[in-house]
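The lines below spell out each chain.
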Amino acid sequence: MKTFEVENRALDSAAGVVVVGLSGYLDAHTVADFDKHTDDLLGAGTNKIVLDLQGLSYISSAGIGALMGLSQRLKKHGGDLVLLQPTAKVYKILDLLGFTRIFHLCTSEDEARAVFQS
Amino acid sequence: MKTFEVENRALDSAAGVVVVGLSGYLDAHTVADFDKHTDDLLGAGTNKIVLDLQGLSYISSAGIGALMGLSQRLKKHGGDLVLLQPTAKVYKILDLLGFTRIFHLCTSEDEARAVFQS
Amino acid sequence: MTERRPLAFELSCPADKSVLCWVRGVVVQSASELGFSEEDLHKIELSVDEACANVIEHAYPKDQDARPLIIRFEAEPGVMRITVIDRGVGDHGRPGAVKSVEEYVNVQRHRGLGTFIMQRFMDEVEFSQEPGEGTRVRMTKFLATPSAQLEGAP
Amino acid sequence: MTERRPLAFELSCPADKSVLCWVRGVVVQSASELGFSEEDLHKIELSVDEACANVIEHAYPKDQDARPLIIRFEAEPGVMRITVIDRGVGDHGRPGAVKSVEEYVNVQRHRGLGTFIMQRFMDEVEFSQEPGEGTRVRMTKFLATPSAQLEGAP
Ligand SMILES: Nc1ncnc2c1ncn2[C@@H]1O[C@H](COP(=O)(O)OP(=O)(O)O)[C@@H](O)[C@H]1O
Ligand SMILES: Nc1ncnc2c1ncn2[C@@H]1O[C@H](COP(=O)(O)OP(=O)(O)O)[C@@H](O)[C@H]1O
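Residues numbered from 1 in each chain as written. Chains lettered and ligands numbered in written order. Predicted model: local features only at pLDDT ≥ 70, side-chain atom pairs only at ≥ 80, totals over all residues. Heavy atoms only, no water.

Some thoughts on the interface of chain A and chain D
- In this assembly, 21 residues from chain A lie in contact with 25 residues from chain D.
- Buried area between chain A and chain D, summed over both chains or domains, comes out near 2,000 Å², and the portion from carbon and sulfur atoms is 64%.
- Among the residues chain A hides against chain D, the three largest losses belong to Tyr58, Leu96 and Leu97 of chain A. Together they make up 28% of the total.
- Summed over the shared surface of chain A and chain D, the result is four salt bridges.
- One salt bridge connects glutamate 102 of chain D with arginine 101 of chain A, and the closest N-O pair in it is separated by 2.9 Å.
- In this assembly, chain A and chain D are joined by seven residue pairs in polar contact (both at pLDDT 80 or more).
- Here the side of chain A that touches chain D is composed, by residue class, of 11 nonpolar, six polar and four charged. (Contact = heavy atoms within 4.5 Å. Buried area = accessible area lost by both parts, 1.4 Å probe. Salt bridge = Lys/Arg side-chain N within 4 Å of Asp/Glu carboxyl O. Polar contact = N/O pair within 3.5 Å; in protein donor to acceptor, adjacent residues only side chain to side chain. Nonpolar A, V, L, I, M, F, W, Y, C, P; charged D, E, K, R; others polar.)

Quick look at the structure:
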């Protein structure tokens, strides 16, 4: 049974921005898949990622830590991480913990694109 | 927390038919409420009951046994029991076990009323 | 994507009628992760309910305080086993289940429907009991293979 | 109508990452029966996940086969207690949780967020451990009274 999936969808290959869609739940169990996927992207030179969270139903500290680590690595390579449209529940979790102050959250792909143009 | 409810709604007081609505689940735990309620009705002289099962989400052998007992007691007093509009799940349970051959099932109040007029 | 490992767990709670709804919820949630059809989930829910209701009603003397109800759940590829265990009297000499709904209806004292349901809805049901050691009901349900499901379709 | 009795149960399963999703499901189902708000259910779900993830990741030596994870759930009127228990090393001298998200972000090695979450989301969190006896994390959550809920509303 599938519990977590991560897949690439190019947003703007000219600008080097990759949209990555997550679905299912991101916890201590599934985070290894996420790490492997994003390692591969970084290894291929990607430094700008929009994480589409519309399909993500849950995130725990393991997942938040992975987002954190990814964000810091992208920044080190001159890029950035944008979180797109978290579900109400994932937004609530991030917000209650204070992570909405830390992450770059967007509500539309246009907004996400603009982040990387500025 | 409410897990089961049973309440009277008169259908046709002239004809002496009482509609009883069930909601929640009818199992070994909640069946005592059902028995008490229907005992009271029989004590008050009711012998024709339409059990509206639209709100019933589950039934186990304890509940089926109670329906069975009620049906037989009503018949003994010259009346009958009609089951109205079970949910798909309750219908499935009754049907898989063969109880749709035993009980009188109706899909509308009109149909239920007709049972008692014939 | 991450795949699930087979699930194995044990629940233990007091043998009180009020736990039935909760037990059903846990069992259905767990069985649904294994991919059982909705109809099979109904069958599993009802069978476990019947086994637990029997523990609650029959296993312990009325005045006994400690009344454990234990539900063991084991999944392997294609098969789920649920064992319902009590530490009760265990020497009941189970009066055989009814053979059909018609038999149940005609018998004066309505009994034996619980066992009928378990045997009808599960693929294997084994009872074991030792006087003073309690009762175990071990129920097995096989996952229908895709082809078996096709054969079953209208 | 039939009222629920307070729920009390114990789950035990192997401390394997794959059980986390299932444990969350059981705990949320059980806590929701007690009438917790959706937000409180999120908090409970995450806190239990963190405590269990710690057992899975930290409690047992890598090569140990038997790795029990035990979750005890007790409800009394207005309060729920969940205790997460392991039989592991138990002598970890828990390195204090971070004090804020900003501290967590700035620290090089990202650790301590789990404990931060439990302490932030539950009303009481008590750790106890004995070398060789394992760890217990006992978390308490009070049901908001209707008036407290009103006060919390915007
Ligand atoms: N766990 C148990 N401990 C002791 N006796 C039991 C247990 N389970 C079942 N029994 C006995 O077996 C009988 C048959 O059970 P069942 O088929 O479920 O029908 P019912 O519960 O309606 O009698 C019960 O009446 C009881 O005497
Ligand atoms: N059940 C446990 N058994 C052994 N050590 C534990 C246990 N729970 C937590 N720890 C220790 O406490 C530390 C802090 O845990 P936590 O705050 O959840 O952060 P993290 O898991 O990110 O390190 C862990 O790194 C580990 O060393």
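With respect to the confidence of the model for chain C
- Summary statistics for chain C give a mean pLDDT of 87 and a share of 84% for residues scoring 70 or more.
- For this predicted complex, the interface score ipTM comes out at 0.87, alongside a pTM of 0.88. (pLDDT = per-residue confidence, 0-100.)

Describing the packing of helix H1 (residues 20–33) of chain D against helix H2 (residues 38–59) of chain D
All names here are of chain D.
- One way to put it is that H1 packs onto H2 with a least axis distance of 9 Å and a crossing angle of 145°. Considering how the two elements wind past one another, H1 and H2 form a crossing that is right-handed. Residues Leu20, Val23, Arg24, Val27, Val28, Ala31 and Ser32 of H1 lie in contact with H2, whose contacting residues are Leu41, Ile44, Glu45, Val48, Asp49, Cys52, Ala53 and Ile56.
- Considered class by class, the residues forming the contact of H1 with H2 number 11 nonpolar, one polar and three charged. (Axes fitted to C-alpha atoms, helices over the stretch in contact; angles between N-to-C directions. Helix = DSSP H or I, 4+ residues; strand = E, 2+ residues; numbered from the N terminus. Left-handed = near helix turned anticlockwise from the far one by under 90°.)

Quick word on the pattern of salt bridges
- Taken as a whole and assessed by the stated rule, the structure comprises 30 salt bridges over all chains.
- The partner of arginine 73 of chain B in a salt bridge is aspartate 39 of chain B, with the nearest N and O atoms 2.9 Å apart. Within this pair, whereas arginine 73 of chain B is found in helix H2 (residues 61–76), its partner aspartate 39 of chain B is found in helix H1 (residues 31–43), the two being separated by 34 residues in sequence.
- Notably, a salt bridge pairs glutamate 39 of chain D with lysine 43 of chain D, separated by 3.6 Å at the nearest N-O pair. Pair noted here: glutamate 39 of chain D and lysine 43 of chain D are both in helix H2, with a separation of four residues, about one helical turn.
- Relative accessible area serves as the criterion here: at 28%, glutamate 39 of chain D is assigned to the partly exposed category.
- Taking the relative accessible area as the measure of exposure, lysine 43 of chain D reaches 14% and is therefore buried.
- Several salt bridges share partner residues, and in doing so they unite Asp27 and Lys89 of chain A together with Arg24, Glu45 and Asp49 of chain D into one network. (Buried < 20%, exposed > 50% of the residue type's maximum accessible area, 1.4 Å probe, protein only.)

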